[in-house]
Amino acid sequence: MKVLVTVKRAINPETKVKLVGDKLDLSGAEYVLNYFDEYAVEEAIRLRDGGKADEVIVVSVGSDEAQKELRTALAVGADRAILVKVDDDDELDTLGVAKILAAIVEKEQPGLVLMGKLSVDSENNQVGQMLGALTGMPQGTFAHSLALDGDWAVVGREVDGGTADVRIKLPAIVTADLRLNEPRYANLPGIMKAKKKQLDVIDPDDLDIELEAKVTTLGYERPPERKAGVTVPDVDSLIAKLRNEAKVI
Ligand SMILES: Cc1cc2nc3c(=O)[nH]c(=O)nc-3n(C[C@H](O)[C@H](O)[C@H](O)COP(=O)(O)OP(=O)(O)OC[C@H]3O[C@@H](n4cnc5c(N)ncnc54)[C@H](O)[C@@H]3O)c2cc1C
C-alpha cells in the first residue's frame, strides 16, 4: 500500500510578520516544514517500517523553494517526493490546493493519505476536509492515534470530554494532531541519502484542473491591542464587573 503525505512549506510561526500598509512583507520570513505535517510524515514511516505500507510519497504544492521541505521529509525517511510547482504570486486558495492534491491522489492511487490537521501559518484547517469531498474518500481528522486493521483504519480523536474512535474504510484520509507520535529528526546519513532520492516536479497545467481562486485575500491588519487587565479586590467585584461592564454573565 502506498501512503501519500501532504507537506506544506509554512511560514515559521515564530517569525515577526511585518505589515506594509495592508500587505504582508514576507521578506526575511523563515519557512519550516509545517509542524503538523511532521507528525503525518512520521506516522507514514512507522506504518512502512511496521510492514503496513510499501512506499511513503510526500507531495507539496508550492514554489521551487518548497523542494527544501520535501528534502527534509525525504531525509527523515520518505521514499519519493512530488512538487507541484506554482509561483508564489499565483493566487491559490484552499480549494485550489485541494484540487491539485486530488489530482495527485488520482495519479498515485494511495491506500492512505496522511496530512497535518492544519498549517501553522494560515491555519485554515480546510484542505483535508476539502480533499475528502473532492475524492469521495472517508476521513478521520485530528488523529491522536491510528491503527490499520486490514482494509480499515481506526482513528482516535480528541473530542470534548474525552476521546472517540472512528473506523473508516481504506483508501482514506487521516489528518494528524499532536500526540499522534514523536516526529524524528533527520540524521546525516538520512540527509545524504535524501539528495539522491527521486523528487518529481509537476506543472499544474499538466493536471487538467481549473484553478481560478474563489477566495482572495483583500488585506491584512493587526488585531486590536488587548486592553490591560484590572485587579479586583474580591469575587463580588469580579462578578459585578463581568455583569455590568463585560456583560458576559
Ligand atoms: C504558491 C502559493 C500561493 C498562494 N497564494 C495565495 C493567495 O494569493 N491568497 C491567499 O489567500 N492564499 C494564498 N495561498 C495560501 C493558500 O491559499 C493556503 O495555503 C491554502 O488555502 C491552504 O490553507 P492552509 O495552508 O491554511 O491549509 P490547512 O487547511 O490548514 O492545511 C491542512 C493540511 O493540508 C495540507 N496542505 C495545505 N497546503 C498545502 C500545500 N501548499 N502543499 C501540500 N499540502 C498542503 C497540509 O498537510 C496541511 O497540514 C497561497 C499558497 C501557495 C502555496
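Scroll up to find the structure this text is about.
Here the structure is a predicted model, which is why all the values come from computation and not from measurement.

Colleague: Explain the layout of surface pockets to me, please; I cannot follow it from the model alone.
Modeller: Rolled over the atoms, a probe with the dimensions of a water molecule shows which regions are left empty. Computed from the structure, the second largest pocket encloses a volume of approximately 310 Å³. Every residue lining the second largest pocket is counted, 14 residues in all, and those nearest its centre are Glu38, Val76, Pro183, Arg184 and Tyr185. Mapped onto the lining of the second largest pocket, the elements with two or more residues apiece are helix H1 (35-49) and helix H2 (67-76). Counting residues per element, the lining of the second largest pocket draws most heavily on H1, at five residues. Looking at side-chain class alone, the lining of the second largest pocket contains nine nonpolar, one polar and four charged residues.

Colleague: Could you clarify how one ought to interpret a negative patch on the surface in this entry?
Modeller: Taken together, Asp64, Glu65, Asp87, Asp90 and Glu91 make up a surface patch of like negative charges. Residue class for Asp90 comes out partly exposed when judged on its relative accessible area of 38%.

Colleague: Can you walk me through the site of the ligand in this structure?
Modeller: The immediate surroundings of the ligand are formed by 29 residues, with Leu92, Thr94, Asn125, Gln126 and Thr217 found nearest. Side-chain polar atom of Thr6 to an oxygen atom of the ligand: 2.7 Å apart, as the coordinates give it. Between an oxygen atom of the ligand and a main-chain N or O atom of Val127, the distance comes to 2.8 Å. Summarising the interface, the protein chains cover 88% of the accessible area of the ligand, which totals 900 Å² for the free molecule. Within the residue set of the shell around the ligand, elements represented by two or more residues are strand E6 (55-62), helix H3 (94-108) and strand E8 (112-116). For the shell around the ligand, the element with the most residues is E6, which contributes three residues. By residue class, the composition of the shell around the ligand is nine nonpolar, eleven polar and nine charged.

Colleague: Would you mind going over empty space enclosed by the protein with me for this structure?
Modeller: Following the criterion strictly, the structure yields one cavity of 30 Å³ or more and no others. In this structure, the largest cavity is lined by Asp93, Leu95, Gly96, Lys99, Glu210, Leu211, Glu212 and Lys214. Among the residues making up the lining of the largest cavity, the classes are represented as two nonpolar, one polar and five charged.

About the cut-offs
Residues numbered from 1 in each chain as written. Predicted model: local features only at pLDDT ≥ 70, side-chain atom pairs only at ≥ 80, totals over all residues. Heavy atoms only, no water. 1 Å grid on protein atoms, 1.4 Å probe; cavity = no way out; pocket = protein on both sides within 12 Å on 5 of 7 lines; lining within 4 Å. Points joined across faces, edges and corners; volume = space filled by probe spheres on them. Helix = DSSP H or I, 4+ residues; strand = E, 2+ residues; numbered from the N terminus. Nonpolar A, V, L, I, M, F, W, Y, C, P; charged D, E, K, R; others polar. Patch = residues over 30% accessible without salt bridge, like charges linked within 9 Å, V, L, I, M, F, W, Y side chains within 5 Å. Areas by Shrake-Rupley, 256 points an atom, 1.4 Å probe, with all protein chains shown as cover. Salt bridge = Lys/Arg side-chain N within 4 Å of Asp/Glu carboxyl O. Lys, Arg positive; Asp, Glu negative; His and termini not counted. Charge placed at Lys NZ, Arg CZ, Asp CG, Glu CD. Buried < 20%, exposed > 50% of the residue type's maximum accessible area, 1.4 Å probe, protein only. Near = heavy atom within 4 Å. Polar contact = N/O pair within 3.5 Å; in protein donor to acceptor, adjacent residues only side chain to side chain.

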